[in-house]
Amino acid sequence: MADILPESSDWAFLPAHLLDSIAEKLVTSYQLLRFPRLFPSYQVAAIYNDFCLVALIKSGDKAWTSISIEQLELAADVIYYESRFHVLDRRLGLTKIKSFSGIERSIELGAIIKTPNRKYTSLESQISYLVESSSGELLTVVRILKEKDHEVQFVTWFFKVYKLNRSIRSHPVWVEIESIGGDALFLGDNHSVSLVASQFPGCLPNSIYYTDDFNDIVGSKASWAQRHGYL
């Protein structure tokens, strides 16, 4: 991260409870990602530990602000969208981080799409991503996995793509779409992007590019889900 983060005495390194965990993702604000030397004001979000919790920090903070497990758990992805971090959980609930402060130790969350009030039965059989389309719409891409020929591995089976529909302001919903038009989506562990395929020779429109990198042992994933009461 040394080559990405601005040179600032205000930067606080990962706290002990993050260092002792596996950091699943580190997502930066748009300005920092594109112009790290020109924008000393930055924000960073991290997904960490077995419960996939979220912690945040911004320029000027001396400590990370963690979202408690009672407020939000099982985060699947984070995106910096419309000048705010948005968190997708593994049940496709969507939460906006309205504000946070590592100085005042405060955070304000806003539920955009509430998590369905039911147990989730396929934690180990899908991966979800947040990505902003070339036209500025917020998409969720769900990558469906299946067991490979009765082996102890999962492989990608197919994708489903949903668009955030905010036509009814009081009740936004994910709406499944059949096409992403001229866009091509690139899905990544840390950051997913969309681009207009026609502007990049060899890039196909209405396509999803990804790495088939999900090779965890079924037994370990199942035991994790069972241990946390989701199977």
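Since this is a predicted model, take the numbers as computed values, not measurements. The numbering scheme is per chain: residues are counted from 1 as the chain's sequence reads. Where local features are concerned, this predicted model is filtered to residues with pLDDT of at least 70; where side-chain atom pairs are given and counted, the filter is 80 or more; whole-chain, interface and lining totals use all residues. The side-chain values count all of the structure's non-hydrogen atoms but skip hydrogen atoms and water molecules.

**A short note on the overall build of the chain**
So, step 1. We count a stretch as a helix when DSSP gives it H or I for four or more residues in a row; a strand needs E for two or more, and each element gets its number in order from the N terminus. For the chain, the count of helices and strands is 3 helices and 15 strands.
So, step 2. Expressed as a percentage of the 231 residues in the chain, the buried residues total 44%.
So, step 3. The contact definition used throughout considers only heavy atoms, calling two residues in contact when any of these lie within 4.5 Å. Contacts in the chain between residues at least 24 apart in sequence constitute 49% of all its contacts with a sequence separation of at least 6.
So, step 4. Areas reported here follow the Shrake-Rupley algorithm with a probe of radius 1.4 Å; residue values treat only the protein chains shown as occluding. About 12800 Å² of surface is accessible on the chain, with carbon and sulfur atoms providing 51% of the total. Buried, partly exposed and exposed residues are distinguished by accessible area as a fraction of the type maximum, computed with a 1.4 Å probe on protein chains only: under 20%, between the cut-offs, and over 50%, respectively.

**As for the environment of Val196**
So, step 1. Inspection of the secondary structure puts Val196 in strand β14 (residues 193–196).
So, step 2. On the basis of relative accessible area, Val196 is assigned to the partly exposed category, the value being 27%.
So, step 3. For the pair formed by Val196 and Asn206, sequence separation is 10 residues and the distance between their alpha carbons is 9.5 Å.
So, step 4. In this structure, Val196 is in contact with Ser134, Gly182 and Asp183, ignoring residues within four places of it in sequence.

**Topic: the environment of Ser128**
So, step 1. Its place among the elements puts Ser128 in strand β9 (residues 126–132).
So, step 2. Considering only alpha carbons, one finds Ser128 and Arg90, 38 residues apart in sequence, at a separation of 7.1 Å.

**Digging into the pairing of strand β5 (residues 75–81)**
So, step 1. Counting buried residues along β5, 7 of its 7 residues qualify, which places the element largely inside the surrounding structure.
So, step 2. Strand pairing is assigned whenever DSSP detects at least two bridges linking the two strands. For β5 and strand β6 (residues 84–89), the ladder comprises 6 bridges, and the chain directions are antiparallel. Bridging from a neighbouring strand, Asp77 pairs with Leu88 of β6.
So, step 3. Taking the residues that link successive antiparallel strands as the turn, the β5-β6 hairpin has 2 residues, and the phi of Glu82 there is positive, at about 50°.

**Let's talk about the packing of aromatic side chains**
A ring pair, where both rings are aromatic, is described by two values, the distance of the centres and the angle of the planes.
So, step 1. Ring geometry is summarised as follows: Phe, Tyr and Trp rings, the Trp one being its six-membered ring, pair when their centres sit within 6.5 Å, and such pairs are stacked at plane angles under 30 degrees, edge-to-face over 60 and tilted between the two. With the rule as written, the count across this model stands at 4 aromatic pairs.
So, step 2. Judged by centre distance (5.1 Å) and plane angle (70°), the ring pair of Tyr80 and Phe85 falls under edge-to-face. Judged on exposure class, the residue Tyr80 and its partner Phe85 are both buried.
So, step 3. Measuring from ring centre to ring centre gives 5.0 Å for Phe159 and Tyr210, while their planes differ by 70°; the resulting arrangement is edge-to-face. With Phe159 in strand β11 (residues 154–165) and Tyr210 in the loop between β15 (207–209) and α3 (218–227), the pair connects residues that are 51 residues apart, well separated along the chain.
So, step 4. Tyr210 sits in the partly exposed class, given a relative accessible area of 35%.

**With respect to the sheet that holds strand β13 (residues 183–186)**
Strands belonging to one sheet form pairs held by backbone hydrogen bonds; the direction of such a pair is parallel or antiparallel.
So, step 1. Pairing in this open sheet of 3 strands is mixed, and the strands run β14-β13-β15 from one edge to the other. Where the open sheet ends on each side, the last strands, each with one partner, are β14 and β15. For this sheet, the mean inter-axis angle between neighbouring strands, taken without regard to orientation, is 25°.
So, step 2. Examined bridge by bridge, β13 and β14 share 4 bridges and lie antiparallel to one another. The residue of β14 that forms the bridge with Asp183 is Val196. Fitted lines through C-alpha atoms serve as axes, helices being fitted only where they are in contact, and the angles separating the N-to-C directions of these axes extend from 0 to 180 degrees.

**Re the confidence of the model for the chain**
So, step 1. Looking at any residue, its pLDDT shows the predictor's confidence there, from 0 to 100. Averaged over every residue, the pLDDT of the chain is 78; residues scoring 70 or more account for 71%.
So, step 2. Low pLDDT (under 50) marks residues 1–13, which in the prediction has 30 contacts with non-local residues, meaning those over four places away or in another chain.

**Overview of the sheet that holds strand β7 (residues 94–101)**
So, step 1. The antiparallel open sheet is built from 4 strands, whose spatial order is β5-β6-β7-β8. Only two strands of the sheet have a single neighbouring strand rather than two, namely β5 and β8 (106–113). Adjacent strand axes in the sheet meet at a mean angle of 25° when their direction is disregarded.
So, step 2. Sheet topology places β7 next to β8; 7 bridges connect them, and they run antiparallel. Bridge assignment links Ile97 to a residue of β8, and that residue is Leu109.

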